[in-house]
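# Structural overview
This is what each chain is made of:
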2 protein chains.
Amino acid sequence: MVDKLGRRSSSKGTALDLIRSSGPISRVELAEMTGLTQATISTVVRGLITDGLISETGRAESTGGKPRMHLQINPGSRLSIGVHVGADHITYVVTDLAGTVIGRLRAPGPADTSPIEAVATIATDVDRLISGLDIDRSRIVGLGLVTPGPIDKRSGSIQNAPTLAHWTDFPLARAVGTATGLPCVFDNDATAAAIGEYWMGATSDHLTYGSVYMGMGIGVGIVIDGSIYHGELSNVGELGHVSVDARGRVCPCGNIGCVELYAAPPAVVAAARRASAEGRLDLAFTGVVARDFEAVATLAMAGDATALELVTESAEYLASAIVSMVNLIDLHLIVLAGSAFSVAGSLYATTISRMLAERVLARSISGVDVRISVNGDDAAALGAATMVLQENLSPRSLRAVTLATAP
Amino acid sequence: MVDKLGRRSSSKGTALDLIRSSGPISRVELAEMTGLTQATISTVVRGLITDGLISETGRAESTGGKPRMHLQINPGSRLSIGVHVGADHITYVVTDLAGTVIGRLRAPGPADTSPIEAVATIATDVDRLISGLDIDRSRIVGLGLVTPGPIDKRSGSIQNAPTLAHWTDFPLARAVGTATGLPCVFDNDATAAAIGEYWMGATSDHLTYGSVYMGMGIGVGIVIDGSIYHGELSNVGELGHVSVDARGRVCPCGNIGCVELYAAPPAVVAAARRASAEGRLDLAFTGVVARDFEAVATLAMAGDATALELVTESAEYLASAIVSMVNLIDLHLIVLAGSAFSVAGSLYATTISRMLAERVLARSISGVDVRISVNGDDAAALGAATMVLQENLSPRSLRAVTLATAP
DNA sequence: ACACATAATAAAGTGACCTAAGAAAGTAGG
DNA sequence: CCTACTTTCTTAGGTCACTTTATTATGTGT
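### A closer look at the sheet that holds strand S11 (residues 218-224) of chain A
Residue and element names in this part refer to chain A. In space, the five strands of this open sheet follow the order S12-S11-S10-S13-S14, with mixed pairing throughout. Since the sheet does not close on itself, it has two edges, and those belong to strand S12 (227-228) and strand S14 (369-372), each with one partner. With six bridges joining them, strand S10 (residues 209-214) and S11 adopt antiparallel strand pairing. By the bridge assignment for S11, tyrosine 209 is matched with valine 223.

The following block contains the structure:
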């Protein structure tokens, strides 16, 4: 199963992955795509059928011989719960194997509550969600928990996240796991969103991509050769703390000119306030950054010149950081996810796409695609849920697909 | 040997890697370090001995039972040639399995010669080097060829490198392979330098690190989990084109504020010329950037205030880009390689180290080590040579580098 | 000399793959 | 309908890199 050099048997997961993402598919096609022989696929598929994960659902047209049997996923056979603890909301989703949202719940964010209280709330919310859906608990594979900011995966705790500073070092993953009685997978929101995109099949044309996640801060989940990249100590993806001005503003993180200070919602809202004070923008501020940012974005989408300017400036700074990232690690697909893109995502996508086309070093070899997340506002929660499925059903698949293209 | 999921039998390579890097070592220790059983190690080691790659070289002290046999590499059993086509020199090295330089040759750079002429020159130079050393050609595993700038690994060609613009699209790797009659591995200098560090054992405490290479431009070789990261299309590591000022100088690459424009030798020399014009620096410029940069660096090391200021500014800009990179991909070791660090490397290392300690987001969890390459000025050429050894003898330990083989 | 410890090899088993050959299920021509 | 052919899927046996469990070699301490 797992050899000592860390490789892991994966053909079952790989096959499941392909069946899920490539709809009804035959054994022959699976063999072609994985590079495995039909004989091997045959036994792998039999295993998946006995596990109840897939079934045969009909036959294809004959091409002169025995027709192929179509294989399809049994979406309801396994379920997963995703929990995104964001700055202003906690979002819960229940998804099936196909990534379809079976249930959803959005509760107020934890704000200043202690992590212990928050864990209790999460547990009761999850319980309510499950019982409200009348689901057999045994079908639930596990719970994915994602939070913004730097985390320590080993201890399952948050580390100095600006919005949840007082949760630092609290063993969140373990606590949620015991409180809910479900196996708990823990990661940061940007990484989860990246996995979510993959699971939904939105990135099937790229094995390497970045999923930029902008909530209050800015992060990026990096998928390399079909594997989530976690870095040496899981502190990967702090795109918000890439500097766009070595002589610029001082960031609380210690660095100078962090793009977060120029492009993230708090920066945009601050700039909007200044514009408002100068009489260039007509907006009633609520004091809640997320809502005010949404208002600015809405105005920009409606064509307000000043709001448009503010959003474009944010997008351009963000794009500058993304260009640096692309030059550094050679990505050709950027997915935009997170609440900050829910209103003016298209504006961001256009600006970022344009700047990538003009500025990326390798643009002559291949351009960079920019897409908005297929998972909308729930990208992180949905990613959390799919993360669990990934972990349990396709442990290695976010890599094995490589083979298809191998010579 | 190679299963269809792209995994490759590697225990032999892994074992060789450990024997090479961890000096005389016993089978028992190998078993502990690899996680394989003693039985497996026993057979793997037998294979390496029959291949002539290693031998038993004595026994350890007994700890109450049968003493362990020491295993050691046979350095001379295999040789490799590394060729670095730089801006001002072509550097050739011949190394053995231990990474010891057996032969070395430095020839003038290709300047404006056509790639066809250059290939001919390289072939005769290699021939001269080999015959001068009286080496059995059959022991030569292959030739590693590295160049600055963006390359296309698939075609084995350079792509728009500033110093070798007219070589774009010429199938260099194939040409050198046929001209020399040696299997040819092709990559960029920064990546090669990173592999060189690994092979020399200088990074044995980190599985993930970056090797910053500064010649005329700035690149970085990224090793992730012990594997060289090549990116989706092998355009990874363009650290020089990370922006440090989104509103800054316009780079020929299309991007704005590229760190290369602030920190690389041409920028330092330009700044030195301005300082000289203002009478703040006493230096006779030769017009050759590499030599003038060396002069400035020498003055800085000697304590000249203005030169020190220039070098420090370069280091600070470079550090800013490195901080961004570290925040993005979570590295905890940075190696500095390339000719630009040969004089004032320690100055750069100090400045970069300081800024990383102050500015990296995850600094509370673990700091970032900064080291100067153990391979000095020949880091790229030496890396090229070790790349070949890596490819042929330890395919998996730094995951495979695609090959451009001669017929 | 003895018991005991440790190292290295041998032997047999396992899992994931392979190749090769057959069984099953269709089409096309007589 | 029968036969020939094609294509899909399964079965059977083999290989490879491991494993676990013994066995043999080579020491130390009493």
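### With respect to the protein's contact with DNA strand D
By nearness alone, 30 residues border DNA strand D, and Ser42, Arg68 and Met69 of chain A together with Ser11 and Thr40 of chain B come closest of all. For DNA strand D, the fraction of protein-proximal atoms (within 4 Å) that sit in sugar or phosphate groups is 74%. In this structure, methionine 69 of chain A approaches DNA strand D through a main-chain N or O atom, which is 2.5 Å from a phosphate oxygen. One of the side-chain N or O atoms of arginine 59 of chain B is found 3.1 Å from a phosphate oxygen in DNA strand D. Of all elements in the fold, only helix H2 (27-34) and helix H3 (38-50) of chain A together with helix H3 (38-50) of chain B reach the threshold of two or more residues within the surface near DNA strand D. Among the elements that take part in the surface near DNA strand D, H3 of chain A stands out by supplying four residues, more than any other. Within the surface near DNA strand D, the residues separate by chemical class into nine nonpolar, 13 polar and eight charged.

### Looking at helix H6 (residues 189-199) of chain A
All names here are of chain A. Most of H6 is tucked away: eleven of the eleven residues are buried. Among the residues of H6, those classed as buried are Asp189, Ala190, Thr191, Ala192, Ala193, Ala194, Ile195, Gly196, Glu197, Tyr198 and Trp199. Measuring from the side-chain oxygen of the N-cap residue of H6 to the backbone nitrogen of alanine 190 gives 2.9 Å; that N-cap residue is asparagine 188. Backbone geometry just downstream of H6 places glycine 201 in the positive-phi region, at approximately 80°.

### Let's talk about the confidence of the model for chain A
With 95% of its residues at a pLDDT of 70 or more, chain A has an overall mean of 90. Predicted confidence is poor over residues 397-407 of chain A, with pLDDT under 50, and the contacts of this stretch with residues over four places away or in other chains come to 28 contacts.

### Quick look at the relation of the copies chain B and chain A
Overlaying chain B on chain A yields an RMSD of 0.1 Å, the required transformation being a rotation through 180° with an accompanying axial translation of 0.0 Å. What the superposition gives is, in effect, a two-fold axis relating one chain to the other. No C-alpha of chain B lies nearer the rotation axis than that of aspartate 245 of chain B, which sits 2.1 Å from it. Most of the interface of chain B is mirrored in chain A, where 95% of its interface residues are also at the interface.

### As for the packing of aromatic side chains
Taken as a whole and assessed by the stated rule, the structure comprises four aromatic pairs over all chains. An angle of 35° between the planes, with centres 4.8 Å apart, marks the rings of tyrosine 262 of chain B and tyrosine 317 of chain B as tilted. Taken as a pair, tyrosine 262 of chain B in helix H7 (residues 260-263) and tyrosine 317 of chain B in helix H10 (residues 305-329) lie far apart in primary sequence, 55 residues in all. The pair formed by tyrosine 262 of chain B and tyrosine 317 of chain B is uniform in burial state, with each residue classed as buried. Ring centres of phenylalanine 341 of chain B and tyrosine 348 of chain B lie 5.2 Å apart, and the angle between their planes is 80°; this geometry places the pair in the edge-to-face category. With respect to class, phenylalanine 341 of chain B is no different from tyrosine 348 of chain B; both count as buried. Taking the ring centre of tryptophan 199 of chain A as reference, the NZ or CZ of arginine 20 of chain A above it sits at 3.5 Å.

### A word on the protein's contact with DNA strand C
Taken together, 30 residues lie around DNA strand C, and Ser11 and Thr40 of chain A together with Ser42, Lys66 and Arg68 of chain B are the ones closest in. A breakdown of the atoms of DNA strand C within 4 Å of the protein gives sugar and phosphate a share of 73%. Here a phosphate oxygen of DNA strand C sits 3.0 Å away from a polar atom, N or O, in the side chain of threonine 37 of chain A. Within the backbone of methionine 69 of chain B, a nitrogen or oxygen atom sits 2.7 Å from a phosphate oxygen of DNA strand C. Within the residue set of the surface near DNA strand C, elements represented by two or more residues are H3 of chain A together with helix H2 (27-34) and H3 of chain B.

### So, the pairing of strand S3 (residues 79-85) of chain B
All names here are of chain B. Among the seven residues in S3, seven count as buried, and that is most of the element. Burial along S3 is two-sided: the face carrying Leu79, Ile81, Val83 and Val85 and the face carrying Ser80, Gly82 and His84 are both buried. Of the pairings in the sheet, the one linking S3 to strand S4 (residues 89-96) comprises seven bridges and is antiparallel in character. Bridge pairing links histidine 84 to threonine 91 in S4. Where S3 hands over to S4, the hairpin turn is made up of three residues, counted between the paired strands. In terms of strand pairing, S3 meets strand S6 (residues 140-147) through five bridges, oriented parallel. Bridge pairing in S6 places glycine 82 opposite glycine 144.

### So, the interface of chain B and chain A
If you look at the interface, chain B gives 64 residues, while chain A gives 62 residues. Regarding the contact of chain B and chain A, the summed buried area is about 5,200 Å², with carbon and sulfur atoms giving 55% of it. Run the count over chain B and chain A and you get 16 residue pairs in polar contact (both at pLDDT 80 or more). Mapped by element, the contributors of at least two residues to the side of chain B that touches chain A are helix H1 (11-21), strand S11 (218-224), H10 and helix H11 (345-359) of chain B. For the side of chain B that touches chain A, the element with the most residues is H10 of chain B, which contributes nine residues.

Definitions and limits used
Residues numbered from 1 in each chain as written. Chains lettered and ligands numbered in written order. Predicted model: local features only at pLDDT ≥ 70, side-chain atom pairs only at ≥ 80, totals over all residues. Heavy atoms only, no water. Pairing = 2+ DSSP bridges. Helix = DSSP H or I, 4+ residues; strand = E, 2+ residues; numbered from the N terminus. Near = heavy atom within 4 Å. Polar contact = N/O pair within 3.5 Å; in protein donor to acceptor, adjacent residues only side chain to side chain. Nonpolar A, V, L, I, M, F, W, Y, C, P; charged D, E, K, R; others polar. Buried < 20%, exposed > 50% of the residue type's maximum accessible area, 1.4 Å probe, protein only. pLDDT = per-residue confidence, 0-100. Contact = heavy atoms within 4.5 Å. Least-squares fit on C-alpha atoms with pLDDT ≥ 70 in both. Phe/Tyr/Trp six-rings, centres within 6.5 Å; stacked < 30°, edge-to-face > 60°. Lys NZ or Arg CZ within 6 Å of the ring centre and 35° of its normal. Buried area = accessible area lost by both parts, 1.4 Å probe.

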